[in-house]
Amino acid sequence: MDTPPRIPATDDPIAGFEAWMAEAAKSEPNDPNAVCLATCTPEGRPSARMVLLKGVDARGFVFYTNLESRKGGELAANPFAALCFHWKTLQRSVRVEGAVEAVSAEEADAYYASRARGSRIGAWASRQSRPLESRFALEKAVAEYTLKFGVSEIPRPAFWSGFRLVPDRMELWRDMPFRLHERRVFHRVAGGWEMEMLYP
Ligand SMILES: Cc1cc2nc3c(=O)[nH]c(=O)nc-3n(C[C@H](O)[C@H](O)[C@H](O)COP(=O)(O)O)c2cc1C
């Protein structure tokens, strides 16, 4: 079967994403930047969870987490990931796929410093993804770190940082009547992007 050729993309899909995100920021009741992040073990076993997108530019999509979490371990072993946004109010979705890289220490420090003090303490107290014996154990850890740091600066834990997903494939999906949705897929090529449409 003949497949139609990909054409050089006239739009930049990251700019397209940013425009949709700006609209979602006005229309979604909360967390327009919430996104499902899929990672995978080297054996090919996937896992998915929600994170918050904390930065996007021509370089890629940034989120922050505990590096010793399940997702952190999977990304260390297999540095590829996928993101799937869904904005219910707009009936739009964006998919992003590519390799992940660590953000710089300066970038992570700057974002960590911008977080509420309670969230900075929470990052220290949470052994994310590991078994928790009781809710009390978590509250005790929070109380201990609150006492330890007092009113001083709270440094970023070495086990807490960010990843940047560098997209090589993106899809902008729009709801259309009778489930004849619009799917525009962008593939990164030397010097830019190529676009193709997919059947819904
Ligand atoms: C809307 C929403 C946003 C979230 N944002 C983050 C986030 O930015 N970073 C993070 O580590 N976990 C975030 N979480 C929690 C994760 O979904 C997940 O429970 C946690 O990261 C542990 O995942 P893991 O065990 O697969 O590593 C968020 C959860 C929800 C529902």
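Residues numbered from 1 in each chain as written. Predicted model: local features only at pLDDT ≥ 70, side-chain atom pairs only at ≥ 80, totals over all residues.

1. Side note on the overall build of the protein
Link 1 in the chain: Scanning the protein for helices and strands turns up 5 helices and 10 strands.
Link 2 in the chain: Along the first, second and third principal axes, the C-alpha atoms of the protein reach 65 × 40 × 30 Å.
Link 3 in the chain: Across the 200 residues that make up the protein, the buried fraction comes to 20%.
Link 4 in the chain: Long-range pairs, those at least 24 residues apart, make up 62% of the contacts in the protein between residues at least 6 apart in sequence. (Helix = DSSP H or I, 4+ residues; strand = E, 2+ residues; numbered from the N terminus. Buried ≥ 20, exposed ≤ 12 C-beta atoms within 10 Å, placed from the backbone. Contact = placed C-beta atoms within 7 Å.)

2. Considerations on the site of the ligand
Link 1 in the chain: The immediate surroundings of the ligand are formed by 16 residues, with Thr65, Ser69, Arg70, Lys71 and Ser129 found nearest.
Link 2 in the chain: Those elements giving two or more residues to the shell around the ligand turn out to be strand S3 (46–52), strand S5 (60–66) and helix H2 (70–77).
Link 3 in the chain: Among the elements that line the shell around the ligand, the one with the most residues is S3, at 5 residues.
Link 4 in the chain: The class makeup of the residues in the shell around the ligand is 6 nonpolar, 6 polar and 4 charged. (Near = placed C-beta within 6 Å. Nonpolar A, V, L, I, M, F, W, Y, C, P; charged D, E, K, R; others polar.)

3. A short note on the UniProt feature "domain: Pyridoxamine 5'-phosphate oxidase N-terminal" (unreviewed entry) in the protein
Link 1 in the chain: As annotated in UniProt, the feature "domain: Pyridoxamine 5'-phosphate oxidase N-terminal" (unreviewed entry) corresponds to residues 22–146 in the numbering used here.
Link 2 in the chain: For residues 22–146, the end-to-end C-alpha separation is 36 Å, with 36% helix and 34% strand making up the annotated structure. (UniProt positions renumbered as here; feature names shortened; annotations may be inferred.)

4. Focus on helix H1 (residues 13–27)
Link 1 in the chain: The end-to-end C-alpha distance of H1 is 21 Å, a good match for the 21 Å that 15 residues give at a rise of 1.5 Å each.
Link 2 in the chain: Taken together, the buried positions of H1 are occupied by Pro13, Phe17 and Ala24. Down the axis of H1, the buried set is contained in an arc of 40°. They therefore lie on one face. Pointing more than 90 degrees away from the buried face of H1 are the exposed residues Ala15, Ala19, Ala22, Ala25 and Lys26.
Link 3 in the chain: Along its buried surface, H1 packs onto strand S4 (55–57), strand S6 (80–87), strand S7 (92–102), strand S8 (160–174), strand S9 (182–189) and strand S10 (192–197). (Expected span 1.5 Å × (residues − 1). Arc of directions from axis to C-beta.)

5. Describing the confidence of the model for the protein
Link 1 in the chain: Chain-level statistics for the protein give a pLDDT mean of 97 and a share of 100% at 70 or above.
Link 2 in the chain: Between the elements of the protein, mean pLDDT differs from a low of 87, seen in strand S1 (residues 7–8), to a high of 99, seen in strand S2 (residues 34–40). (pLDDT = per-residue confidence, 0-100.)

6. Observations regarding the packing of helix H4 (residues 117–125) against helix H5 (residues 135–149)
Link 1 in the chain: Two numbers describe how H4 lies on H5: the axes approach to 9 Å, and their chain directions differ by 120°. As judged from the angle between their axes, H4 and H5 are oblique. The crossing of H4 and H5 is right-handed. Facing H4, whose interface residues are Ile121, Gly122, Trp124 and Ala125, H5 presents Leu138, Ala141, Val142, Tyr145, Thr146 and Phe149.
Link 2 in the chain: Of the residues assigned to the contact of H4 with H5, the class counts are 8 nonpolar, 2 polar and no charged. (Axes fitted to C-alpha atoms, helices over the stretch in contact; angles between N-to-C directions. Parallel < 35°, antiparallel > 145°, perpendicular 65-115°, else oblique. Left-handed = near helix turned anticlockwise from the far one by under 90°.)

7. A closer look at H4
Link 1 in the chain: Buried within H4 we find Arg120, Ile121, Ala123 and Trp124. Buried residues in H4, looked at end-on, bunch into an arc of 150°, giving them a common side. Away from its buried face by more than 90 degrees, H4 exposes Gly118 and Ser119.
Link 2 in the chain: Buried residues in H4 make contact with helix H3 (105–114), H5 and S8.

8. Things to note about the nonpolar core
Link 1 in the chain: One finds Ala81, Leu83, Val94, Val96, Phe163 and Leu165 to be the most contacted residues of the largest nonpolar core, which totals 23 residues.
Link 2 in the chain: With 5 residues, S8 is the single largest residue contributor to this core.
Link 3 in the chain: Discounting chain neighbours no more than four positions away, the residues touching Leu83 are Val35, Cys36, Leu37, Phe61, Val96 and Leu165. (Core = buried A, V, L, I, M, F, W, Y, C linked by C-beta atoms within 7 Å.)

9. Focus: the environment of Ser129
Link 1 in the chain: Secondary-structure assignment places Ser129 in the loop between H4 and H5.
Link 2 in the chain: Separated by 61 residues in sequence, Ser129 and Glu68 place their C-alpha atoms 8.0 Å apart.
Link 3 in the chain: Sequence-distant contacts of Ser129, that is, excluding residues within four places in its chain, are made with Ser69 and Arg70.

10. What to know about unusual backbone geometry
Link 1 in the chain: With phi around 45°, Asp31 is a residue other than glycine that occupies positive phi space.
Link 2 in the chain: Mapped onto the fold, Asp31 is located in the loop between H1 and S2.
Link 3 in the chain: Even without being glycine, Phe178 reaches a positive phi, approximately 60°.
Link 4 in the chain: Looking at where Phe178 falls in the secondary structure, it is placed in the loop between S8 and S9.
Link 5 in the chain: A count of 6 C-beta atoms within 10 Å places Phe178 in the exposed class.

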